[in-house]
Amino acid sequence: MPFATLGLRAELCRAVAARGYANPTPIQQQAVPVILAGQDVLAAAQTGTGKTAGFALPLLQRLAESSRPLRPRSVRALILTPTRELAAQVSASVADYGRELRLKSAVVFGGVGFNPQVTALARGLDVLTATPGRLLDHLQQGTVALDAVEILVLDEADRMLDMGFIRDIRRIVERLPKARQTLLFSATFTADIRALAAQFLRDPAQIDVAPRNTTAARIAQEAYAVDHGRKRELLSWMVGSNNWRQVLVFARTKHGANRLAEQLQKDGLESAAIHGNKSQGARTRALAAFKSGELRVLVATDIAARGLDIHQLPLVVNHDLPQVPADYVHRIGRTGRAGHDGRAISLVAPDEMDLLQGIERLIKQRLAPQVLPGYEPSAATPARSGEPARAPGRGPRRQGRR
Ligand code: AMP
């Protein structure tokens, strides 16, 4: 099914063709016509489903079709995202898809200079992508006005709630006109998300492309039982012996991420860490080096990795299991994106078995940890009823060079 059958105009169809998209993804097939028709949308969609184009394309078309002169500091469409990285990526997509339309867009987020953003906002914008905190700063300074917003997008709304942005979001939405179109995207559908939707959306079309709280089917998931103290060694061995070239590794803490990246580097694997204490410049540089293949391993915390769009990322490793089961779904959603196969590996220490069970309940799938010869955990991994940990002797699946 080509993009044009969704009702998108030629300028936008050419832009997606230039990106190499042949056909719309399921979320795009469902969301585009509904958004074009002006309806509110409540969509359950993980990163990797193509959701960004799913809202950006029809949003651009609606703005282009009701084109009007911009008032100083005003904004016609506002996209809120949880992290700087996601804001930058969404804004870049908006600019790219809209390159043949005469629409002005910009992005604002924290951690970078305020004044260049003031300049970008001064003459008004068709599309502003923003993180909540910095947008509030601009509202307070009077450098942006939101009383003419026609379309509001809450992207990765579950993560914005997890990150404690609910009050900021409320304060922002209070400043928007009541008559507007609102689109809410979320990977998980918790009670909090439903409450938010009930408050902000009007008669929304509900779109659900991935089964709720389950992981994408094309991701092969494996777990290995190993002591905490030997995880780094096992990881180095796996990366080296399998000749993995691009591995995103999750660590629980900023400090742990730094230390792990340093140790891997000493093991001869080009590595860097990204987390909230790193400057925006350092994060951007590390991501670019990882994408270009200069870095083999990128170690990230959950928040820093949120929304990272790394094309065809083959492999995600959980060095530490996440404390919150939903984060597992977010993490492994970095691999196997938009129809590509992916692989997710979790290193599970004996005291993380409870966390693993929480994850298994959420994804409704067993991840029985394998034990590798030479890496047997010292305390026996508690076997669960009727399901002992797999016997030693099965090494990790070998992968050819990628
Ligand atoms: P998203 O879920 O928006 O983060 O998109 C995930 C990835 O899929 C991005 O790398 C997009 O560039 C890519 N993508 C989006 N739409 C399509 C499409 N129709 N066909 C192929 N790839 C796509």
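Since we're looking at a predicted model, the values are computed, not measured.

K.L.:
It is not clear to me how the overall build of the chain should be interpreted in this structure. Could you clarify?
P.N.:
Counting its regular elements, the chain contains 15 helices and 14 strands. Evaluated residue by residue, the chain yields a buried proportion of 57% over its 402 residues. In the chain, the share of contacts with a sequence separation of at least 24, taken over all contacts with a separation of at least 6, comes to 75%. Accessible surface computed for the chain: about 16700 Å², of which carbon and sulfur atoms make up 50%.

K.L.:
What is the right way to look at the side chain of T129 in this model?
P.N.:
Here T129 lies in strand β4 (residues 125–130). Setting aside anything within four residues of it in sequence, one finds T129 in contact with I79, T81, A87, V90, S91, A106, V107 and V108.

K.L.:
What is the right way to read unusual backbone geometry from this model?
P.N.:
One can expect most non-glycine residues to show negative phi and most peptide bonds to be in trans. The backbone of N243 sits at a positive phi, close to 55°, despite the residue not being glycine. Despite not being glycine, K364 shows a phi value in the positive range, around 55°. Within the secondary structure layout, K364 lies in the loop between α15 (353–363) and β14 (370–371). Judged by its relative accessible area of 67%, K364 falls in the exposed class.

K.L.:
Would you mind going over the packing of helix α10 (residues 231–241) against helix α11 (residues 254–266) with me for this structure?
P.N.:
Helices that pack against each other are described as a pair by the angle of their axes relative to one another and the distance between those axes. Direction vectors running N to C along α10 and α11 enclose 50°, while the axes themselves pass 10 Å from each other. Our classification of the angle between α10 and α11 gives oblique. For the crossing formed where α10 meets α11, the hand is right-handed. Across the interface between the two elements, R232, L235 and S236 from α10 touch L260, Q263 and L264 from α11. Taken together, the residues of the contact of α10 with α11 break down into 3 nonpolar, 2 polar and 1 charged.

K.L.:
Would you mind showing me how to read the sheet that holds strand β7 (residues 205–208) here?
P.N.:
Within a beta sheet, neighbouring strands are joined by backbone hydrogen bonds and run either parallel or antiparallel to one another. Ordered in space as β3-β4-β2-β5-β6-β1-β7, the 7 strands form an open sheet in which the pairing is parallel. At either margin of the open sheet sits one strand with a lone partner, and together these are β3 (105–108) and β7. In this sheet, adjacent strand axes meet at a mean angle of 15° when their direction is disregarded. As paired elements, β3 and β4 share 4 bridges and run parallel to each other. When the bridges of β4 are listed, V107 appears paired with T129. Lying over the sheet, helix α2 (residues 26–36) contacts β1 (41–44), β6 (181–186) and β7, oriented at roughly 165° with respect to β7.

K.L.:
Could you clarify how one ought to interpret the nonpolar core in this entry?
P.N.:
Taken as a class, soluble globular proteins show a tendency for nonpolar side chains to be buried jointly. Judged by nonpolar contacts, the single largest core of 38 residues is most densely connected at L8, F55, L57, L60, V127, V153 and L183. Broken down by element, this core gets its largest block of residues, 8 residues, from helix α3 (residues 51–65). Sequence-distant contacts of V153, defined by excluding residues within four places in its chain, comprise F55, L59, L78, I79, L80, L183 and F185. Listed in part, the 34 residues of the second largest apolar core include L78, A157, M160 and I172.

K.L.:
Can you help me understand the pairing of β6 in this one?
P.N.:
Each regular strand carries side chains that alternate between the two faces of the sheet. Where burial is concerned, most of β6 is hidden: 6 out of the 6 residues are buried. Of the two faces of β6, the one carrying Q181, L183 and F185 and the one carrying T182, L184 and S186 are both buried. Pairing of β1 with β6, which is carried by 4 bridges, proceeds in the parallel orientation. Along β6, the bridge assignment pairs A43 with F185. As paired strands, strand β5 (residues 151–154) and β6 are joined by 4 bridges and run parallel to one another.

K.L.:
What is the right way to read the pattern of salt bridges from this model?
P.N.:
Counted according to the given criterion, the structure contains 21 salt bridges. Linking E156 and K51 is a salt bridge whose minimum nitrogen-to-oxygen distance equals 3.2 Å. Here the residue E156 occupies a position in the loop between β5 and α7 (157–162), and K51 occupies one in helix α3, the gap between them amounting to 105 residues. Accessibility expressed as a relative area gives 2% for E156, which makes it buried. With a relative accessible area of 3%, K51 lands in the buried category.

K.L.:
Even after reading the chapter, I still don't get the packing of aromatic side chains, so can you show me in this structure?
P.N.:
In this description, an aromatic ring pair is defined by two values, namely the gap between the centres and the angle between the planes. By the definition in use, this model includes 3 aromatic pairs. Centroid distance Y21 to Y97: 6.5 Å. Interplanar angle 65°. Geometry classified as edge-to-face. Here Y21 is found in the loop between α1 (10–18) and α2, whereas its partner Y97 is found in helix α4 (residues 84–97), with 76 residues between them in sequence. Aromatic pair W237 and Y375: ring centres 6.3 Å apart, planes at 35°, arrangement tilted. A residue pair is termed long-range when its members are at least 10 positions apart, and W237 in helix α10 and Y375 in the segment after β14 qualify at 138 residues. For Y375, a relative accessible area of 11% puts it in the buried group.

K.L.:
Please clarify how α15 should be interpreted in this entry.
P.N.:
For an α-helix the count is 3.6 residues per turn, leaving residues at separations of three or four pointing the same way. Of all 11 residues in α15, 8 are buried; the element is thus mostly enclosed. All of the buried residues along α15 are M353, L355, L356, G358, I359, E360, L362 and I363. For α15, the elements touching its buried residues are β8 (219–225), α14 (325–332) and β13 (342–348). Of the residues one or two after α15, K364 is the one with positive phi, at around 55°.

K.L.:
What is the right way to look at the sheet that holds strand β12 (residues 315–318) in this model?
P.N.:
Pairing is parallel across the open sheet formed by 7 strands, whose spatial order is β10-β11-β9-β12-β13-β8-β14. The sheet is open, and its two borders are formed by β10 (271–274) and β14, each paired with just one other strand. Relative to strand β11 (residues 297–300), helix α12 (residues 280–292) is tilted by about 140°, and along the sheet it contacts β9 (247–250), β10 and β11.

Conventions adopted
- Residues numbered from 1 in each chain as written.
- Predicted model: local features only at pLDDT ≥ 70, side-chain atom pairs only at ≥ 80, totals over all residues.
- Heavy atoms only, no water.
- Helix = DSSP H or I, 4+ residues; strand = E, 2+ residues; numbered from the N terminus.
- Buried < 20%, exposed > 50% of the residue type's maximum accessible area, 1.4 Å probe, protein only.
- Contact = heavy atoms within 4.5 Å.
- Areas by Shrake-Rupley, 256 points an atom, 1.4 Å probe, with all protein chains shown as cover.
- Axes fitted to C-alpha atoms, helices over the stretch in contact; angles between N-to-C directions.
- Parallel < 35°, antiparallel > 145°, perpendicular 65-115°, else oblique.
- Left-handed = near helix turned anticlockwise from the far one by under 90°.
- Nonpolar A, V, L, I, M, F, W, Y, C, P; charged D, E, K, R; others polar.
- Pairing = 2+ DSSP bridges.
- Core = buried A, V, L, I, M, F, W, Y, C linked by side-chain atoms within 4.5 Å.
- Salt bridge = Lys/Arg side-chain N within 4 Å of Asp/Glu carboxyl O.
- Phe/Tyr/Trp six-rings, centres within 6.5 Å; stacked < 30°, edge-to-face > 60°.

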